[in-house]
Amino acid sequence: SQQGEEDPQALSIQEGENATMNCSYKTSINNLQWYRQNSGRGLVHLILIRSNEREKHSGRLRVTLDTSKKSSSLLITASRAADTASYFCATKWNQGGKLIFGQGTELSVKP
Amino acid sequence: GAVVSQHPSRVICKSGTSVKIECRSLDFQATTMFWYRQFPKQSLMLMATSNEGSKATYEQGVEKDKFLINHASLTLSTLTVTSAHPEDSSFYICSARLRTSGGAGSYNEQFFGPGTRLTVL
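I will try to describe carefully the structure that is included in this document. (Residues numbered from 1 in each chain as written. Chains lettered and ligands numbered in written order. Predicted model: local features only at pLDDT ≥ 70, side-chain atom pairs only at ≥ 80, totals over all residues. Heavy atoms only, no water.)

## Examining the overall build of chain A
Inference 1: The helix and strand tally for chain A stands at zero helices and eleven strands.
Inference 2: Reading chain A from its N terminus to its C terminus gives the helix and strand order β-β-β-β-β-β-β-β-β-β-β.
Inference 3: Computed over C-alpha atoms, the radius of gyration of chain A comes to 13 Å, within 12% of the 13 Å expected from 2.2 N^0.38 for 111 residues, which places it in the range of a compact globule.
Inference 4: The contacts of chain A with a sequence gap of at least 6 include a subset with a gap of at least 24, amounting to 54%.
Inference 5: Split by element, the accessible area of chain A, about 5,200 Å² in all, is 44% carbon and sulfur. (Helix = DSSP H or I, 4+ residues; strand = E, 2+ residues; numbered from the N terminus. Rg over C-alpha atoms; globule rule 2.2 N^0.38 Å. Contact = heavy atoms within 4.5 Å. Areas by Shrake-Rupley, 256 points an atom, 1.4 Å probe, with all protein chains shown as cover.)

## Comments concerning the state of the cysteines
Inference 1: Overall, the coordinates contain two disulfides over all chains when judged by the stated rule.
Inference 2: Each sulfur of the disulfide joining Cys 23 of chain A and Cys 89 of chain A lies 1.9 Å from the other. Here the S-S torsion is close to 70°, and the disulfide linking Cys 23 of chain A with Cys 89 of chain A is therefore right-handed. In this pair, Cys 23 of chain A sits in strand 3 (residues 19–24) while Cys 89 of chain A sits in strand 9 (residues 85–93), placing the two residues 66 residues apart along the sequence.
Inference 3: Residue classification places Cys 89 of chain A among the buried positions, given a relative accessible area of 2%.
Inference 4: Each sulfur in the disulfide pair Cys 23 of chain B and Cys 94 of chain B lies 2.0 Å from the other. (Disulfide = S-S within 2.5 Å. Buried < 20%, exposed > 50% of the residue type's maximum accessible area, 1.4 Å probe, protein only.)

## Overview of the interface of chain A and chain B
Inference 1: Across the contact, 19 residues belong to chain A and 23 residues belong to chain B.
Inference 2: Between chain A and chain B, a total of about 1,600 Å² is buried, with carbon and sulfur atoms accounting for 53% of that surface.
Inference 3: Considering only the side of chain A, the residues that lose the most area to chain B are Leu 43, Arg 50 and Lys 98 of chain A, jointly responsible for 25% of the buried surface there.
Inference 4: Counting across the interface, chain A meets chain B through one salt bridge.
Inference 5: Salt-bridge contacts for Lys 41 of chain B lead to Glu 106 of chain A; the nearest nitrogen and oxygen are separated by 3.2 Å.
Inference 6: Scanning the region where chain A abuts chain B turns up four residue pairs in polar contact (both at pLDDT 80 or more).
Inference 7: Contributing elements (two or more residues each) for the side of chain A that touches chain B: strand 4 (29–37), strand 5 (43–50) and strand 10 (99–101) of chain A.
Inference 8: Looking at the side of chain A that touches chain B element by element, the count peaks at four residues for strand 5 of chain A.
Inference 9: Residue classes in the side of chain A that touches chain B are distributed as six nonpolar, nine polar and four charged. (Buried area = accessible area lost by both parts, 1.4 Å probe. Salt bridge = Lys/Arg side-chain N within 4 Å of Asp/Glu carboxyl O. Polar contact = N/O pair within 3.5 Å; in protein donor to acceptor, adjacent residues only side chain to side chain. Nonpolar A, V, L, I, M, F, W, Y, C, P; charged D, E, K, R; others polar.)

Shown next, in the form of structure tokens:
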């Protein structure tokens, strides 16, 4: 399987704390994307980082990419209860448009 | 952003029946749509890539005769689960690919539908 791995599988924090999720993948990539999924719902695209980028910011989100280690991290700063969701990384293969999703991290932010 | 809808949002059917799920891109044309399946507490697994006007490309291990995909127009792809069984119960999610403007910074962004919860009794 080409699916990547994410850790932790589950993360529980208090509101205001930072949440860090990590993603590892196996193949060379064009870009890596992070998605959020609220329980029983579809996916919401959060941020995309290209293979030639090392860090990217969007609001309270910070994504890093280390292609030498084939890993990425998503940092959510000053978390809110509304951030409670599952977070998935997804990599796009060099060939075609297929997205390969990681196993996901289930984040719970307690008020 | 672009909107993708799925219908129905949830369906309960008896074992042996067939179920059709629709995926529509509402405000853009999608030459390519993707179908994913997600079991509880698990990640999304790509089932097939659907290209308008041509046969779908199935991932390894996905039975093409069981999961029929039709992409008849640039805004609609359908997934039919034939002779459904309880093990087919899952959350089915589609996505539609939108090509952004060309150039070095362009990429094919995918927009996801809200998913269809299938329960086979």
